[in-house]
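A structural walkthrough
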Amino acid sequence: MVLNKNNDQLKNWIPLLKKEDFSEEEIVQTNRLALAHVYMKHQWHPAPVHNFTVPLWFQGVYDEQRAARQQAVIFDRSHLGRFYVVGEKSAEVLDSIFATSVKDIPEGQLKRVLVCHPNGVLLDIPTVFHLSYGRWLVVSGPKTQSHLLGMVGEIVDQRALEKDVIISDRISDSVLFSVQGPESEKLLEGVVGITIPKAVPRDEVHEILLGGYRALIARTSQINEDGYWFLLSPEVGEHFFDNAVTMGIIPAGLAAHDALRIEAGFLEAPYETPAPVTPLEADLQKLVNFHERDFPGVDVLLNAQNDTPERLIRGIKVLGQGVAHRGDRIFSENNNIGALVNAAYSAQLNASIGLAYLQPNLRKVSVQISDQQIDAEVIGLPFYKND
């Protein structure tokens, strides 16, 4: 998608997010995490996010960030969608939805994939797990579970595959933990046994018995650390969390995870991929597979694959004092050129950092924080690589 440089196009391009857009949000009833009662004992500080009341932080956002980079932390990621797709033709159904071909994912492995709207705009960036032949787990973003379930169900209905493909929503009867940090393997030995953490290579998923219940463990990370995901029953999850904390794994909240994820340049859709962002602008075109495939947005993406995008996702590092927030305006030579689609304070970099879609040639900008324009550096993602 190549956008014209006229002012109207630029206004439509990146959301003209305003402070008032967030100050009077409609108050709605949120879903309660299965282990909320456990987190209360650990002095959680909850907040309504993505239709769930989640731990925003426990002992301190910056301390939790440092613990993830130096030791190991545990996040509850149960606000993310998750559902199974099982059956002889399950891969065929999923391949009709995702812009990334799931047929290329070997059994026992996982992959980050893309799903787009028919106009090519990014809808979600889920993680797909190929558990075994004809068995798949999809972990979606926090706002797209219902949409993706509807898309899968629609394909099943259109092709009369009700007897061949079974869809199982697991968001209400499971918990999803993420244990991250350089000491995660070592400390998890005291939680799940000495052999299990070492037996799971990077980007692999294993199904095991834990506490008499079937459980899933995958070695993956959204923050550029060594880490694991665990999909457990709530009963097992409560014991798992308590044992993890006993072994020295630090409870951490969503605020720390967002900051660490931004450092790693790991985008979350659709929050950080607002329309009209396609895989091209989000620098994710390598995840699009065109060969003899049909999926939502294929024609638009195929026509644009060799275009030079008007804007690309970029990292913003604030060089002065001030904490940047989503929606803060970005200026270049006193021209208002866009907004941060997300931002956080990085304990690792000791600076405010953010994400924005900018013209590729920009290197220096300013960010308006509390009515002051503060100098900022434009850098390629990620901020943090963990070499």
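These notes cover the structure that comes with them. (Residues numbered from 1 in each chain as written. Predicted model: local features only at pLDDT ≥ 70, side-chain atom pairs only at ≥ 80, totals over all residues. Heavy atoms only, no water.)

Some points on the pattern of salt bridges
Note the threshold: We count a salt bridge whenever a side-chain nitrogen from Lys or Arg sits within 4 Å of a carboxyl oxygen from Asp or Glu. Residue exposure (1.4 Å probe, protein chains only): buried if accessible area is under 20% of the type maximum, exposed if over 50%, otherwise partly exposed.
Throughout the structure, instances matching the rule amount to 14 salt bridges. The salt bridge partner of Asp173 is Arg170, with a shortest N-O separation of 2.8 Å. Here Arg214 makes a salt bridge to Glu207, at a shortest N to O gap of 4.0 Å. Accessibility expressed as a relative area gives 60% for Arg214, which makes it exposed. Members of the salt-bridge network, linked through shared partners, are Arg69, Glu225 and Glu263.

Details of the packing of helix 4 (residues 61-70) against helix 9 (residues 254-263)
This is how it is decided: Axis geometry follows a simple rule: fit a line to the C-alpha atoms, using only the stretch in contact for helices, then measure angles between N-to-C directions, giving values from 0 to 180 degrees. Helix and strand definitions here come from DSSP, where helices need a minimum of 4 consecutive H or I residues and strands a minimum of 2 consecutive E residues; each element is numbered from the N-terminal end. Any angle from 65 to 115 degrees is called roughly perpendicular, while one under 35 is roughly parallel, one over 145 is roughly antiparallel, and all others are oblique. Two helices cross in a left-handed way if the nearer one is turned anticlockwise from the farther one by less than a right angle. They cross in a right-handed way if the turn is clockwise. Working rule for contacts: check all heavy atoms of both residues, and any pair within 4.5 Å makes them a contact.
At their nearest, the axes of helix 4 and helix 9 sit 8 Å apart, and the two run at 50° to each other. One way to sum up the angle between helix 4 and helix 9 is to call them oblique. Read as a crossing pair, helix 4 and helix 9 show a hand that is right-handed. Here helix 4 contributes Val61, Glu64, Gln65, Ala68 and Arg69 to the contact with helix 9, which in turn contributes Ala255, Ala256, Ala259, Leu260 and Glu263.

Focus: unusual backbone geometry
Ala269 connects to Pro270 through a cis peptide bond whose omega is -5°. Looking at the element boundaries, Pro270 is found in the loop between helix 9 and helix 10 (298-304). Of note in the backbone geometry, Asp283 takes a positive phi value of approximately 60° without being a glycine. Tracing the chain through its elements places Asp283 in the loop between helix 9 and helix 10. The phi dihedral of Ser370 falls on the positive side, at around 50°, and the residue is not glycine. Relative to the helices and strands, Ser370 resides in the loop between strand 22 (364-369) and strand 23 (372-379). Among the residues examined, Ser370 registers a relative accessible area of 67% and is labelled exposed.

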